[in-house]
Amino acid sequence: MITEQIVLGLVGLTLSLYAYHVKQQRQRNPKYRALCDIGVNASCSRVLTSEYGTGFGLASSLFGKNSIMNTSNVYYGIIFYILHISFGLIATSFFNKVALFTSIVSCLGSFYLAYILAFVLKDFCLVCVVTYVINAGLFWSNLHTVYSK
C-alpha cells in the first residue's frame, strides 16, 4: 500500500501544481480559459479563484484576511501531497498513523468543498473532483497500511 500512497501523492501533487498554474493565469488574465474549463457550469478556473479557493472560504473570517491560514487551497494541497509522498518513502508505524490521520482530515475537507462546489457555487471542477477521489484513495490506502499489520 506504500506504493499506492506514493503514486496517489504524485498524481495529487501534479494536479495541485496544475491548479496553481490555472489560478495564477486566471489572476493575471480574467479571460484565461484553462483546459479544465469544459463548460458554462464546469469551470475549474472560476472555482479555484472563488472565495472558497482561499482558506476554504473560512480562514478570512476566522483568522483575518492577512493571516497565513488565509492562503490558497492549492498550497494546502501541495504541502499535503508532498507529505504523503514522504510518508510513503519513510513508512514507519508512526508516519503511517500520521498519514492516516491527515488523510481523514483531507477527506473531511473534500466533503466540505464538494458540498460548496455542488450547492453553493453550483459548478463543476474536474481538477477538484479528481483530488477528492485521490484523497479517498489515500485514506483507503493508509487505512489498509495501518490496520493490515
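Residues numbered from 1 in each chain as written. Predicted model: local features only at pLDDT ≥ 70, side-chain atom pairs only at ≥ 80, totals over all residues. Heavy atoms only, no water.

Visitor: I would appreciate a short explanation of the state of the cysteines in the present structure.
Guide: Going through the model one piece at a time under the given rule, you end up with 2 disulfides. The residue that forms a disulfide with Cys36 is Cys44, at a sulfur-sulfur distance of 1.5 Å. Here Cys36 and Cys44 share a disulfide; its torsion about the S-S bond, 45°, makes the bridge right-handed. Here the protein pairs its bonded cysteines, counted in sequence order, in the arrangement 1-2, 3-4. Not engaged in a disulfide, the cysteine Cys107 finds its nearest cysteine sulfur in Cys128; these two sulfurs lie 15 Å apart. (Disulfide = S-S within 2.5 Å.)

Visitor: Would you mind showing me how to read the packing of helix α1 (residues 2–28) against helix α6 (residues 126–147) here?
Guide: Helix packing geometry: the angle between the two helix axes and the distance between the axes. In the contact formed by α1 and α6, the axes pass within 9 Å of each other and the chain directions differ by 160°. It follows from the interaxial angle that α1 and α6 lie roughly antiparallel. Here α1 and α6 pass one another in a crossing that is left-handed. Contacts between α1 and α6 involve Ile2, Glu4, Gln5, Leu8, Gly9, Val11, Gly12, Leu15, Tyr18 and Ala19 from the former and Val127, Val130, Thr131, Ile134, Gly137, Leu138, Ser141, Asn142 and Thr145 from the latter. Split by residue class, the contact of α1 with α6 holds 10 nonpolar, 8 polar and 1 charged. (Axes fitted to C-alpha atoms, helices over the stretch in contact; angles between N-to-C directions. Helix = DSSP H or I, 4+ residues; strand = E, 2+ residues; numbered from the N terminus. Parallel < 35°, antiparallel > 145°, perpendicular 65-115°, else oblique. Left-handed = near helix turned anticlockwise from the far one by under 90°. Contact = heavy atoms within 4.5 Å. Nonpolar A, V, L, I, M, F, W, Y, C, P; charged D, E, K, R; others polar.)

Visitor: It is not clear to me how a nonpolar patch on the surface should be interpreted in this structure. Could you clarify?
Guide: Taken together, Leu58, Leu62, Phe63, Ile68 and Met69 make up a surface patch of nonpolar side chains, about 550 Å² in accessible area. Positionally, Ile68 belongs in the loop between α3 (59–63) and α4 (73–90). Ile68 gets classed as exposed once you look at its relative accessible area, which sits at 75%. (Patch = residues over 30% accessible without salt bridge, like charges linked within 9 Å, V, L, I, M, F, W, Y side chains within 5 Å. Areas by Shrake-Rupley, 256 points an atom, 1.4 Å probe, with all protein chains shown as cover. Salt bridge = Lys/Arg side-chain N within 4 Å of Asp/Glu carboxyl O. Buried < 20%, exposed > 50% of the residue type's maximum accessible area, 1.4 Å probe, protein only.)

Visitor: Is there a simple way to explain helix α5 (residues 93–120) in this structure?
Guide: An ideal rise of 1.5 Å per residue puts 40 Å on 28 residues; α5 measures up with 40 Å between its terminal C-alpha atoms. Listing the buried residues of α5 in full gives Asn96, Ala99, Leu100, Ser103, Ser106, Cys107, Gly109, Ser110, Leu113, Ile116 and Leu117. In this structure, the buried side of α5 is in contact with α1, α2 (44–48), α4 and α6. Lys122 occupies a position one or two residues after α5 and carries a positive phi of about 50°. (Expected span 1.5 Å × (residues − 1).)

Visitor: Would you explain the packing of aromatic side chains in this entry?
Guide: Centre distance and the angle of the planes are the two values used to describe a pair of aromatic rings. Applying the stated criterion across every chain yields a total of 6 aromatic pairs. Through pairs of rings, three or more aromatic residues link up here, namely Phe87, Phe94 and Phe95. (Phe/Tyr/Trp six-rings, centres within 6.5 Å; stacked < 30°, edge-to-face > 60°.)

Visitor: Looking at this structure, I do not really get unusual backbone geometry. What am I missing?
Guide: Residues other than glycine predominantly adopt negative phi, and peptide bonds predominantly adopt the trans conformation. Positioned with a positive phi, Phe56 is a non-glycine residue whose angle comes to about 60°. Mapped onto the fold, Phe56 is located in the loop between α2 and α3. Note on Phe56: relative accessible area 26%, which makes it partly exposed. Not every positive phi belongs to a glycine, and Ala91 is a case in point at roughly 50°. Structurally, the position occupied by Ala91 is in the loop between α4 and α5.

Visitor: What should I look at first to understand the environment of Leu126 in this one?
Guide: Within the secondary structure layout, Leu126 lies in helix α6. On the basis of relative accessible area, Leu126 is assigned to the partly exposed category, the value being 38%. Taking the C-alpha atoms as reference, Leu126 lies 8.3 Å from Asp37; in sequence the two are 89 residues apart.

Geometric descriptors of this kind do not, in isolation, establish any biological role.
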